[in-house]
Structure formats: structure tokens, C-alpha cells
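Working through the structure, step by step
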Amino acid sequence: MKCRLCTNAIKTSKYNLLTFLPLNLFEQFQRIANAYFLCLLVLQVIPVISSLSWFTTVVPLALVLTVTAVKDAIDDIVSTNTNTQNLLLLSSSEPLNLVYIETAELDGGFQKMLGSSVLCHRFSLSLSLSLSVGEVCCEAPNNRLDRFTGTLVWKEQKYPLDNQSVLLRGCTLRNTEWCFGMVLFAGPDTKLMQNCGKTSFKRTSIDRLMNVLVLFIFGFLVLMCIILAVGHGIWEYYEGSKVTGFVPREESRGPALSAFLMFWSYIIILNTVVPISLYVSMEVIRLGNSYYINWDRLMYYNRSDTPAEARTTTLNEELGQIRYIFSDKTGTLTQNIMTFNKCSINGKSYGTSLLEAVKLETEEVHNFFRLLALCHTVMAEEKNNDLVYQAQSPDEGALVTAARNFGFVFRSRTPESLTIVEMGVQRSYELLAILDFNNVRKRMSVIVRSPEGTLSLYCKGADTIIYQRLHESCSKLMEVTTEHLNEFAGEGLRTLVLAYKDLDEDYFSEWLQRHHEASTALEGREDKLNELYEEIEKDLLLIGASAVEDKLQDGVSQTIEQLAKADIKIWVLTGDKQETAENIGYSCNLLREEMTDVFIVAAHSTEDVRRDSMELEFLRTACMCKTVMCCRVTPLQKAQVVELVKKYKQAVTLAIGDGANDVSMIKAAHIGVGISGQEGMQAVLSSDFSFAQFRFLQRLLLVHGRWSYLRMCKFLRYFFYKNFTFTFVHFWYAFFCGFSAQTVYDQSFIALYNLVYTSLPVLGMALFDQDVNDGWSLEFPQLYVPGQLSLYFSKTAFMKCALHSCYSSLVLFFIPYATVYDSMRSDGKEGADYQSFALLTQTCLTFTVCLQLSLDLSYWTAVNHLFVWGSLGMYFIVTFTMQSDGLYQLHPPSFFFVGTSRNTLDQFSVWLTVFLTAVLCVLPVLVHRLIFIQFKVHQKKDQRPSPQRRTKIRRSSTRRSGYAFSHTQGYGDLVTSKRFLRRSAAPRSTGFTPKGRSPGFKPTGRSAGYSPSSKAQNNKQEVEPTELQQYRTVQDSTF
């Protein structure tokens, strides 16, 4: 199959230099308000209908578009890597062309070993580089990380290609100086990028609601303008001819045409019902709340010098509405650190007493650690006179490290032998076969011959698998070991059962011949090998069981408990095996022993799950569960699970991960969070927010997210209130001015109302307000629930705000109207003039909106005081200045309100009117809050809360993990293929003395933590378990 291949450039940004302007403008004009103001601009350039200058719309619109474009450009960090191909391995610096890779960014895995199955050791580098005369035929680009099919034709011979011959983008070369390869796929065609999904424009639920509300507001605006235009037509028909001496008009313009033109005039006059400054203010608020996240010292991780980072400034309030969290496991919940903790040997459980048993040279104990030192595929090398293990999984590394610390040191290996040091004595075992691990077998075995000539099979694996293959004489020992396994699993440890058997030489020789025939078969190779493995791995003798602790990150359990109290559902999506995920679930309190019903949805492919509406059945079943853990999922399947919940649950989702295998779900979720851990920066570069530890997630959501949502909702409610009130007064005034589109306010007040008089107070509220401090937000996670239910701002809240504005506008118009109607000033002059009425109305409005904001503020700071009282002071300063004699003398046509302020504001009745209107406008709010508080107090008196206690719980479990060997089949066949050979280590005279030990062996007790990165490990921190979250069953009406 021929297909067009891509270059090796990978771009995870949304824009480039050519597409930025059109794409960004297209994205911005998806906001209906921006499109509305563009249409308004077109209307304002028509002189016959416009009573306002065109620049009053152009300047703010251009400002909005520019500020937003600059912010989007900063957010869109270009991440392009030009060395990002899938390679066919040809040769390397290692003997027999081996390479060691770390696949943490691909599948959460660790050190693995690959070998060129195409080019054996007889090929030199020069021959490898002459491969240009050959041809590779392979599959088309796809997203299958675990499979590759191809054929190499070279020198008229065909060589099969499989996944063990390919270096994928995302893997990291370890312990290999160099390698050469042939590029198979590049750029977007690589398997990792095929799993990443597309970058989409993310908008908050408030943004989407705003689009709907703007449509409604625009429709309401059209309705008001139609009413006023009809009113104008009627007035023109009956009264227009009577006022021609005062209002000249063209004779050719009849009432109908005049009403049509007046419709567009009122569209312009009443445009403040959808203020363009709203979107500018929203961007400023989001930017400010983003900086709060960046500046939060409590989300700073000192060990890696990593602060929290808001990588986008458009999604802050969405953090306060999360209902589903989708989390990776490896590196996100865990530290990638494994520690040998306890064991059971010959029916006896050992903890700290294991050291004494080793010193006593008990045969069963020695046999236990001998198995750990022999049954594995770990590679050993010396670095700076220290022995370093490269393991296929952290569990395997921890067990071999434990054997070393208790005196059984794995020293080196060749394809035919294993060299270990037993209690200071070096011994070499002949390696005859490795029966490798896979997901079906859930065990691995090695067959070795001791220096004394004894032929033995050592096996380790999941308890349920090993127990089926034990000799009947082990039944009593199995019962005791099972009790120990339950205790270990109850402590959240990962368990593994060890067994062995001695083999007959004649039988093994015959079995080995059949094994060779099966391993070279072209058809049914895997099934034939599995049959042989089943045959020889039976009648085993039980040795005991090991218990390894998979270290969680600090605070994971407490974080999950807090988020659960906030009614946030946490789903774990991992490429790990089921047993491993279950143990992590128990360790972090996602799974508990009282959860007796377990649903397992299994399928061999994505298509099997998605056929016959199985995805709906899966979702329905998952939503009935208290905990959901999806195992063995590919990166693309992670994204599909997220999309499934988004589509059918209509809930706000968050995805969190630390590797490149998490990028697809990070992009698919409403909010993507990247953890900057040991798996590279791909997840961080694709995320919306990032930090170093999972525990920071609770502060991001329960503090910053809740505050951002609350502030944005308060801001929107107040902003709509003040602008609706401002605009509706124009509507009522139209009935008293002949529907002539005359403004009720001074022109300068109209221009400065949103820009100067009311902008800073509402921004201060939206940036500094707190209903409770961060400590109470974390202490009472239930405060997060209103955000999930969109209680603070919704269509209902918007309608309440509109009704309140309508009421306030009536008060603000008719009370000042009644005050100045047929009134007399204290100096005996008439007070019923247009200028005095306009000044009184706008003064009442300014005081009213400031009083309303004061009631909405929960947390007064010095900045809030400055903004509120400063804005009121600025109103009077600007008003007296604009109505002064000096400005009037400079340009009389522009300042016709000269002297109005000093002649009006010195009247006692004016200030009494200001006080009365302000009180009447906020009275409904005060009454509503009083009734609400009384209702809540009465409701709480009727409730009798039961006392809660935090108890330390000891859990005993029957669920035990098998062994988390690897995410794919092991490389036992590669170890024994004679195609690998590490450089020979320097010979030792007797035994190996690890760095830091004195000559002569001294057991050291528990194993130190093993990390695949070979970094220094953190000491174990004992954290007292917190109170278990009590869940309740919720019937979902969606299904």
C-alpha cells in the first residue's frame, strides 16, 4: 500500500505566522458579541441613522481583538521537534546491536531492551549503512504502539520485522552511546503522534452560555427597538406635524420611513445592553487569576524547583466546575519508586525479622533470595565502581535489589549463564531457558543448572496463577501463605508468589528439543510455546511470597478523599495491568474492601467495545460504580473514554497525566493538566495547567478554581445588572421624548460610564473577592459543589439579574422624574429642565451600582476601597470639570451642560432622591437574602448531624496483585538469543562488595527503593489514613 508520508516536523501549536491572523480572527468572531459589534460598526458609519460617532465602537472593538490576539499568541507556545521519527534499528554501540530504551512517555513503562532482529552480529556498521540497496515493506501509519509488521528485502533475502526492531518516537535511549537506524515514519505519521489527537479550541461553559445569552440579549434588543420604532411611527403620524417649528424634518420622509430609520438609531443607542467592555474585562480577570496560580507558593515543588503554571488564561473559571477527573497512574499517582517491604517464606511472615533469618543461614530463606537473584531479565552494569541494575519494570528492579541487599547479589549475565554472589561466594549458573512473561501467563520462569549440576526451574507470578500449578503436597503451606498475602494486600502492597521444581535431565533434554522446534515454527508459534510452558510449569513447590510497596506521591490519598467530598468523580486510565491498577487503587483509597461488586469490561479491541452500542453500556455501568479504573488502554482509548463522558454526561472534565501517552486525553478533556515528572515534558507542553505533584490538584480546583468561578459569576451578574439598568432607563425615557432616540444622560457620562466610573470597582471584586479563605475552601470541599451545578451563573440567574435591572431602571427613572417634575429650586428658579433631570438620574445610577457592588463584595481589601470610593470621587471630579465654565468657553457646542452640576447638587431634595432611589433599588436584594438566611437557619435546626471521627483503618483484602512485569511481552528470548552480550565486567576474586559496604558481607535489612531512573530515593513517609469517604448512589436521569 502506497501512501503519502509527512516530514519529520511536529507542531503542537494552533497557529503559525501565516495562519495566526485569519485563524485567530475566525476564533474571536465565533463569539457572537464580537460579530454583533462588527455589525454595529457598519451601522454607525451611516449618518442618517447614527447619533454616535463611529470611533466609539471601532476603538473598543480593536482593543478587544488586539488584547485577545496577543494573549492567544502568548498562550500558543510553539513546540516543534525535528528529530522525531520511528526508526528501524540497524546497529548500535552495544555488542550484537542491542539498545536499551525507556518507554515511560509511550506506555508508562521503564527500561527495555531491543535488538536488531534483522542484522545479527556478523553485520558490520559499513554493511548496515549500505542498506540503501534494500527495500522495506511495512504497514501504513497507525496508532498501535504494541505492534509492527513489515518485511526487509536485502541481498535477495527476506527478513521479518516486528515491534522489537523499531525505535518509536517518545522512547529514550539509555546506556547506549549511539545507534543507527532507518527512518520508517516521521512527524505526524509516528505512532505517538497518531495517538495524540488534534488540538482543539477550548472554551469554558461560561463562554458557551454567554453565546446563548448574547443571542437572547440581541433578540430582546431588537424587540425593544421595534417597540420604540413603532412608537415613533405612531407619534410621528399624530404629533409630528405639531412640533415642526422645534424639530425640522424632511417632507419626503413619512412616518413609516422615519420609524424604520429610528429602529436603527435605537439599535445604536441601546447597544450598551451588550457592552464590548465586558469581554475586555473578562480577559483581564482571567489573566489576573492565572497569575495567582503561577504565584502560589503552596503549589511550588522545592525538590525539582517547579512552580505551578497556568499555560492558558482562558479556562480559569472552568476549574471551578469539574465533575470528572481522568488520571493516569504511573508517574501521576505514583513516584515510580518500588520498595521491598515484607515477605512470607515457608509459612512464616517476615518484616524486620528477615535480617536475623538471613544471618542464621536458613535454607528456605536462602532459596527465596536465590530465586529473586536468578529469575528475572535485569541487566547489570558498573558505573563509578557501583553496580547498577537496568530493569524491565520497577518491581523487578526492587526485587533484585532486595536480593542484593540481603546477600544474594546478581552480578552479570550472558546468553548462557548467570553470575551471582551468594553470601560473599561467587557462583555461576548455566542459563538454559527463559519462559518469558506475557499478559496471559502472568508469570515467568527460568531453567538453570547450578555449579553442582542440579537442574532447577524457578518461577514467580500472580498467586492465582501459581497456585494452580503447585504440587498437592503444598496445600497446607498454601493456606498459610494465603493468609499472609491477604495481610500484605490489606496494607496496599504488591504481592508475588515464588515457586520452584527440580527437573529430570532426560525429560528436559527432550522438552528442550521440542521447545526449539516450536520457537522456529512459522505458524502457531505462540500457541505451541504456551503448551510447552504449561507442560513444564506444573507440580511446583511453593517457596513463599514477596510484598513490594509501590510508593505513591505524597498526599495522593488525602487529595483523592478531598476531591471525592467535593463530589468529583475520579477515573484512572492506565496502560498498566489490572492487578497493578487495583493495588494502586487500594493504596490511594479509590478502592476499599467494602466494595464487593466488581464489574470487568473486557475486549480485545476498541471496535469490540464500540459495537452494538457497547460504549453506552460501558458508560452506564461505569456511572453506577463508585470507582472506575480502565486498564490496558492505549493513549487513543484514553481520549475516547474522555470523549464518551463529555458527549453523554454533559459534564466538565479534567485529564491529568505526565507522559506523552497522556497527551491525547489531555487535549480531549475540557481542562488538561500536565505533571512535570520523570516522563518528559510532552504532557506539560500540551496541557492547560501544569505542576509537579498530584496533591496540588486539590488546591488548583478547590481554591483557585472555585475562586475563579465565583469571581467570574459575580462579575457577570453585576456587569449585566449595571448595564441593563443603564440601558433600560433609555427605554423608559423614549416614551417621554417622542421616541426621538435622544439620550437620557450627558454624552460624557455615556462615554465614561463603563470606562471610568464602574470599571475598576467590578474588576477589583473579580480579582480580589473571596467568600471564604483558602483554608476554609480546603476544609470544606462541599463548597465546590455549587460550581458543578452552575448555581452562581446560569440562565435562571441571568433572568433574575434582568428582572432586578428592569425594576431598578423603573425606580431610577420615575423617582428622579417625579422629583424634578414641576419643581422649584431653593433660589426660586424652575428645576424641571432636561440637564438637571439627566444629572440627577446619572448620579442616582452611579450611587446605586456602587451600593449594589458593596453588597456583593464578601472580602474588602484596600484595593477595593480605593476602587469603589475612588470611582465615586472620580465621577464628581469629571462631572464638575466637564460642566465648568472654562470648558464651555473653549468649545460651547460640546459642553452645553455648563453649570448644571453646581446648580443641581446643592439642593437637599436632590441628595434625598439619590438616597431614596439607591435604597429602593437594593431593597429586593436585601429582602431576598434575609429570607434565604432565615430559611437556611431553620433548615439547619431541623438537622441533627452525626459526629464524625477520623479513625485509623486496617484493611484486610483478598485482592492481590500479580506482578507488574511490563506493559508488553518480556525480552527473555532476546536474553537467550546469543545476539546480546554486554561488555565483560572485570573479574572479581571472590564476591562483589557493593559501594559503601565494608569487606565481608553484612546484611542491610529492608531494600532501598528502586527507581528506573537510578536517582536517589525519598524516605518513606508514614501518613495516617484519613476518614473514608461515604458515597451515595445517585440515579442518573440521562439514561
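Predicted model only: the values in this text are computed from it and were never measured. (Residues numbered from 1 in each chain as written. Predicted model: local features only at pLDDT ≥ 70, side-chain atom pairs only at ≥ 80, totals over all residues. Heavy atoms only, no water.)

Below, the discussion takes up the overall build of the protein. Looking only at helices and strands, one finds 35 helices and 29 strands in the protein. A burial count over the protein gives 55% of its 1039 residues as buried. (Helix = DSSP H or I, 4+ residues; strand = E, 2+ residues; numbered from the N terminus. Buried < 20%, exposed > 50% of the residue type's maximum accessible area, 1.4 Å probe, protein only.)

Below, the discussion takes up the side chain of Asp 856. Mapped onto the elements of the fold, Asp 856 is located in helix 30 (residues 834–856). On the basis of relative accessible area, Asp 856 is assigned to the buried category, the value being 14%. In this structure the side chain of Asp 856 is engaged in a polar contact, spanning 2.9 Å, whose partner is the side chain of Arg 929. Every residue in contact with Asp 856, bar those within four places of it in the chain, is listed here: Lys 714, Tyr 718, Met 765, Asp 769 and Arg 929. (Polar contact = N/O pair within 3.5 Å; in protein donor to acceptor, adjacent residues only side chain to side chain. Contact = heavy atoms within 4.5 Å.)

Once that is clear, we can look at a nonpolar patch on the surface. There is a patch of nonpolar side chains on the surface, built from Phe 216, Phe 220, Leu 223, Ile 227, Phe 735, Phe 736, Met 799, Leu 810 and Phe 814 and spanning about 780 Å² of accessible area. Of all elements in the fold, only helix 7 (205–239) and helix 29 (795–820) reach the threshold of two or more residues within the nonpolar patch. Sort the elements by how many residues they give to the nonpolar patch and helix 7 lands first, with four residues. Looking at where Leu 223 falls in the secondary structure, it is placed in helix 7. (Patch = residues over 30% accessible without salt bridge, like charges linked within 9 Å, V, L, I, M, F, W, Y side chains within 5 Å. Areas by Shrake-Rupley, 256 points an atom, 1.4 Å probe, with all protein chains shown as cover. Salt bridge = Lys/Arg side-chain N within 4 Å of Asp/Glu carboxyl O.)

Bringing the packing of helix 25 (residues 747–757) against helix 31 (residues 862–882) into the picture now. When two helices pack together, their arrangement is given by the angle between the helix axes and the distance between those axes. Axis separation between helix 25 and helix 31 bottoms out at 11 Å; the angle between their running directions is 155 degrees. Regarding the angle of helix 25 to helix 31, the classification is roughly antiparallel. You can see that helix 25 and helix 31 cross each other, and the crossing is right-handed. Here Ser 748, Phe 749, Leu 752, Val 756 and Tyr 757 of helix 25 lie close against helix 31, whose contacting residues are Ser 871, Met 874, Tyr 875, Val 878, Thr 879 and Met 882. Counted by class, the contact of helix 25 with helix 31 contains eight nonpolar, three polar and no charged residues. (Axes fitted to C-alpha atoms, helices over the stretch in contact; angles between N-to-C directions. Parallel < 35°, antiparallel > 145°, perpendicular 65-115°, else oblique. Left-handed = near helix turned anticlockwise from the far one by under 90°. Nonpolar A, V, L, I, M, F, W, Y, C, P; charged D, E, K, R; others polar.)

A few words now on the UniProt feature "transmembrane region" (unreviewed entry) in the protein. In the numbering adopted here, UniProt assigns the feature "transmembrane region" (unreviewed entry) to residues 212–235, 255–280, 715–736, 748–768, 797–817, 837–855, 867–888 and 908–931. For the annotated span residues 867–888, helix accounts for 91% and strand for 0% of the residues, and the straight-line distance between the end C-alpha atoms is 30 Å. (UniProt positions renumbered as here; feature names shortened; annotations may be inferred.)

Tallied over the entire structure, the rule returns 53 aromatic pairs. Measuring from ring centre to ring centre gives 5.4 Å for Phe 720 and Phe 724, while their planes differ by 40 degrees; the resulting arrangement is tilted. A residue pair is termed a helical-turn pair when its members lie 3 or 4 positions apart in one helix, as Phe 720 and Phe 724 do in helix 24 (residues 696–734) at four residues. Between Phe 876 and Trp 911 the ring centres are 6.0 Å apart and the planes differ by 40 degrees, which places this aromatic pair in the tilted class. Here the residue Phe 876 occupies a position in helix 31, and Trp 911 occupies one in helix 34 (residues 908–941), the gap between them amounting to 35 residues. (Phe/Tyr/Trp six-rings, centres within 6.5 Å; stacked < 30°, edge-to-face > 60°.)

Model confidence for the protein is summarised by a mean pLDDT of 79, while 75% of its residues fall at 70 or above. Helix 24 holds the highest mean pLDDT among the elements of the protein, 95, whereas helix 5 (residues 125–129) holds the lowest, 42. Note on residues 116–131: pLDDT under 50 across the span, and 35 contacts to partners over four residues away in sequence or across chains. Contacts for the low-pLDDT stretch residues 962–968, under 50 throughout, to residues beyond four places or in other chains number 42 contacts. (pLDDT = per-residue confidence, 0-100.)

Mapped onto the elements, Gln 698 comes out in helix 24. Residue classification places Gln 698 among the buried positions, given a relative accessible area of 16%. Residue contacts for Gln 698: discarding those within four places in its chain leaves Thr 559, Gln 562, Leu 563, Val 703 and Leu 778.

Note: α-helices contain 3.6 residues per turn, so residues at a spacing of three or four share the same orientation. Those residues of helix 20 (residues 614–624) not exposed but buried are Glu 615, Phe 618, Leu 619, Thr 621 and Ala 622. Seen end-on, helix 20 carries its buried residues on one side only, within an arc spanning 165 degrees. (Arc of directions from axis to C-beta.)

Across the 12 residues that make up strand 24 (residues 541–552), a large majority, 11, are buried. Sheet analysis places strand 23 (residues 494–502) next to strand 24, joined by seven bridges and oriented antiparallel. What sits directly across from Arg 494, in strand 24, is Val 548. (Pairing = 2+ DSSP bridges.)

Two side chains that carry opposite charge are able to pair once their charged atoms sit near each other. One pass over the full model with this rule turns up 29 salt bridges. With a shortest N-O distance of 2.8 Å, Arg 469 and Glu 534 are connected by a salt bridge. Of the two residues, Arg 469 is situated in the loop between helix 13 (463–467) and helix 14 (475–490) and Glu 534 in helix 16 (residues 525–536); the sequence distance between them amounts to 65 residues. In this structure Arg 469 comes out as buried when scored by relative accessible area, which is 11%. One salt-bridge network, in which partners are shared between bridges, spans Glu 363, Arg 370, Glu 422, Arg 427 and Glu 452.

For the rest of this paragraph, the subject is helix 11 (residues 363–374). Helix length check: helix 11, at 12 residues, gives a terminal C-alpha distance of 16 Å against a target of 16 Å (1.5 Å per residue), a fit within 8%. Here helix 11 lies mainly inside the structure; 10 of its 12 residues are buried. For helix 11, the complete set of buried residues consists of Val 365, His 366, Asn 367, Phe 368, Phe 369, Arg 370, Leu 371, Leu 372, Ala 373 and Leu 374. (Expected span 1.5 Å × (residues − 1).)

Of all the five residues making up strand 17 (residues 386–390), four are buried; the element is thus mostly covered by neighbouring parts of the structure. The pairing of strand 16 (residues 379–383) with strand 17 spans five bridges and is antiparallel. Each bridged residue has a counterpart across the sheet, and for Met 379 the counterpart in strand 17 is Gln 390. What sits between strand 16 and strand 17 in their antiparallel hairpin is a turn of two residues, with Asn 384 showing a positive phi close to 55 degrees.

All right, on to the sheet that holds strand 13 (residues 322–327) then. One open sheet holds the seven strands; their spatial order is 12-29-28-27-13-25-26, and the pairing between them is mixed. Edge positions in the open sheet fall to strand 12 (309–310) and strand 26 (628–630), since each of these has one partner strand only. Relative to the sheet, helix 24 contacts strand 13, strand 27 (652–657), strand 28 (671–675) and strand 29 (689–691), its axis offset from that of strand 29 by approximately 140 degrees.

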